[in-house]
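# Architecture and fold: a report
What follows is each chain in one-letter form.
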Amino acid sequence: MNITVCVKQIPDQSIPSELLPDSWRLRRADVNAVLDPGDEYAVEAALKLAEATGGEVTAVSMGPARADEALRKALSMGVHKAILVTDDALEGAAALVTARVLAAAIRKSGGTDVVITGTESTDGYTGVVPQALAELLGSSSLTFAKSVETGGEGITIHRQTDTGYQIVTAPLPVVVSVTAGANQPRYPSLKGIMGAKSKPLEHWSLADLGLDGEAVASSQRVFSVVAAPEKQAGELISDDGTAAGRIVEFLAQLKVI
Amino acid sequence: MNAGPILVFGEVEDGRAAPVSLELASQARRLSDAVVVLAYGSSTEGVDKAFASAGASAVHLAEHPVADRLIGPFAAAAMASLVGAVSPRAILIGATYTGRDVAGRLAVRARLGVIANVIDLMDKDGRLVALNTIFGATQIVESGFTSSSPGIFLVRPKSFEVAAHEGDVAVSRLEPPTDVQDSARIIESHSETSTGPGLEEAPVVVSGGRGLGDASNFALLTELARLTHGSVGASRAVVDAGWVPYSMQVGQTGKTVKPTVYIACGISGAMQHTVGMKGAKNIIAINRDQDAPIFKLADLGVVGDCLTVLPKVIEEIKARQQQG
């Protein structure tokens, strides 16, 4: 089974994020960047499937040249090869453009049986790329997977719903989006980290993918960004044994007890 | 300015209109006299009335043709055909699991941009402008579509109130779509039912995070929720750790709640969590770390250990209720 996992490099979320004042794009250039933690679940699911079926995993990403670091992390976890689509024209690309670029890269790489993604990126969180990818690739989609297994008609997942979960199966080719917590992402081993340095990592441009300016033009725009009104500071107390009483008093005041 | 109607995806589950879809129909009516709803589900009998009284001027009913197939890809195809037929000014979809499936596939089919996590939508000089918050709701972003082509606004549930509307509504049936590229099949459906009110409706939500130390301590939250007729929620960290099911998750990837009181127990207040609860009317937070960001949102913050404070709260409420 050939598996493609789509990943993204994002600014380290433990550092407060900032927007660039002129473009209202996320400040990325001089900020520590990491493989999106949500994507680690997708990488783990892809590696598990490959181990079960004897297949290869290709990681595909779109981003600036430094996104190599995130792909190296995926390679060190066990991914076999990686492709980075990088092009100045893609800066600030919206979700639909991202999906178009990823779909074109997957096609150029020779196609795949299974595409695995996270459910949304942790920085932009639009959350529609997996479904858009499926539509572009003419694939079935298994979204919001809490678990992923081979079997059934090809791949079978437990799909998160508002009230519980469904067991859903689909034949190949299929796009699977994996929720955070679906598995335990592995830590790269020392051997994995050393080995990742010699694994293939290619850079492709839009021209390499045969995409033109129109395919990646964005129809949406940020008009303004303003600071949200700050909430007035509430009452803050240290528990000296009386805090429980204060909470109960507050609940009584609000008439919920 | 595009003079077309606003097209709303009317999600229908178990024969009932999804609350977020009714909220969107009402908001669309505030912005336009022409509100077209696609009511899509396994059984749409009578839902036209619910959509009409929320603000729809036209309702297209479409029955899901195959029970064991996921709704999203089919509804996206039906929406795409309506986009072609009515040339809408904008498309509104609720950010549910199905809604996100619809938005992604519709974006490709109809070549539409998507603006997600929308919490407000307004008309500014004839242009629809969406608001969403970023960076833990400290910044508000105003965005919209530049070209004359419409776009998809993916709106968070509970962003708008449903207002009663009276007026004429045109109801018609839409043939189920046939050109669907999806073969996923549902084998089984399970619900993780909880007792008491649903998380999104409960007047009190008692939520737990890592600070509780262990999954078994959620019993304290369940007891406090029972005493306050509330419901129990959780942060993503403890859902990821497998302490409680995902259906209890409050936050960006979980549910949005707006209770009268939100009690955050051992939750630090990461942006992922706060976007789902900062609309609560009152917030109580208990955390050992006095620098935890949750205290910035709290009306009453207690720096202390949940495992010390909560048993006393429970005991005192019980004592009051026995007296009363």
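To start, this report covers the structure provided alongside it. (Residues numbered from 1 in each chain as written. Chains lettered and ligands numbered in written order. Predicted model: local features only at pLDDT ≥ 70, side-chain atom pairs only at ≥ 80, totals over all residues. Heavy atoms only, no water.)

## Details of the overall build of chain A
When its secondary structure is counted, chain A shows seven helices and 13 strands. Seen along its three principal axes, the alpha-carbon backbone of chain A occupies a region of about 65 × 50 × 40 Å. Residues classed as buried in chain A amount to 51% of the 257 residues present. Here the contacts in chain A between residues at least 6 apart in sequence split such that 69% fall between residues at least 24 apart. For chain A, the exposed surface amounts to about 11,000 Å²; the carbon and sulfur share of it is 51%. (Helix = DSSP H or I, 4+ residues; strand = E, 2+ residues; numbered from the N terminus. Buried < 20%, exposed > 50% of the residue type's maximum accessible area, 1.4 Å probe, protein only. Contact = heavy atoms within 4.5 Å. Areas by Shrake-Rupley, 256 points an atom, 1.4 Å probe, with all protein chains shown as cover.)

## So, the overall build of chain B
Check the secondary structure of chain B and you find nine helices and 17 strands. Taking 324 residues into account, the globule formula puts the C-alpha radius of gyration at 20 Å, and chain B, at 21 Å, falls close to it. Dimensions of chain B, computed from the C-alpha atoms along their principal axes, are close to 60 × 45 × 40 Å. When the 324 residues of chain B are sorted by exposure, 60% land in the buried category. Summed over its atoms, the accessible surface of chain B is roughly 12,600 Å², and 49% of this surface lies on carbon and sulfur atoms. Across chain B, the 28 positively charged side chains and the 33 negatively charged ones have centroids separated by 4 Å. (Rg over C-alpha atoms; globule rule 2.2 N^0.38 Å. Lys, Arg positive; Asp, Glu negative; His and termini not counted. Charge placed at Lys NZ, Arg CZ, Asp CG, Glu CD.)

## Description of the nonpolar core
Grouped together as the largest cluster of nonpolar side chains are 40 residues, with contacts concentrated most on Val5, Val79, Ile116, Leu142 and Val176 of chain A. Apart from residues no more than four positions distant in its own chain, Val79 of chain A is found in contact with Val5, Val43, Leu47, Val57, Thr58, Ala59, Ala74 and Lys199 of chain A. In terms of nonpolar packing, the next biggest core, distinct from the first, is built from 38 residues, Ile247 and Phe250 of chain A together with Leu224 and Leu227 of chain B among them. (Core = buried A, V, L, I, M, F, W, Y, C linked by side-chain atoms within 4.5 Å.)

## Details of the interface of chain A and chain B
Across the contact, 78 residues belong to chain A and 85 residues belong to chain B. Considering only the side of chain A, the residues that lose the most area to chain B are Tyr125, Glu135 and Phe223 of chain A, jointly responsible for 11% of the buried surface there. The interface formed by chain A and chain B includes five salt bridges. A salt bridge links Arg105 of chain B to Glu135 of chain A, with the shortest nitrogen-to-oxygen separation between them at 2.8 Å. If you look at where chain A meets chain B, you find 30 residue pairs in polar contact (both at pLDDT 80 or more). When contributions to the side of chain A that touches chain B are tallied by element, the ones reaching two or more residues are helix H3 (95-108), helix H4 (129-137), strand E7 (140-151), strand E8 (154-160), strand E9 (164-170), strand E12 (220-227), strand E13 (235-238) and helix H7 (243-253) of chain A. Examining the composition of the side of chain A that touches chain B, we find that nine residues originate from one element, H7 of chain A, more than from any other. Counted by class, the side of chain A that touches chain B contains 36 nonpolar, 28 polar and 14 charged residues. (Buried area = accessible area lost by both parts, 1.4 Å probe. Salt bridge = Lys/Arg side-chain N within 4 Å of Asp/Glu carboxyl O. Polar contact = N/O pair within 3.5 Å; in protein donor to acceptor, adjacent residues only side chain to side chain. Nonpolar A, V, L, I, M, F, W, Y, C, P; charged D, E, K, R; others polar.)

## Overview of helix H2 (residues 47-54) of chain B
Residues and elements named next belong to chain B. Of the residues making up H2, those classed as buried are Val47, Asp48, Phe51, Ala52 and Ala54. Buried residues in H2, looked at end-on, bunch into an arc of 165°, giving them a common side. Summarising the contacts, the buried residues of H2 are in contact with strand E1 (6-13), strand E2 (16-17), helix H1 (19-31), strand E3 (35-41), strand E4 (58-63) and strand E11 (170-173). Of the residues one or two after H2, Gly55 is the one with positive phi, at around 140°. (Arc of directions from axis to C-beta.)

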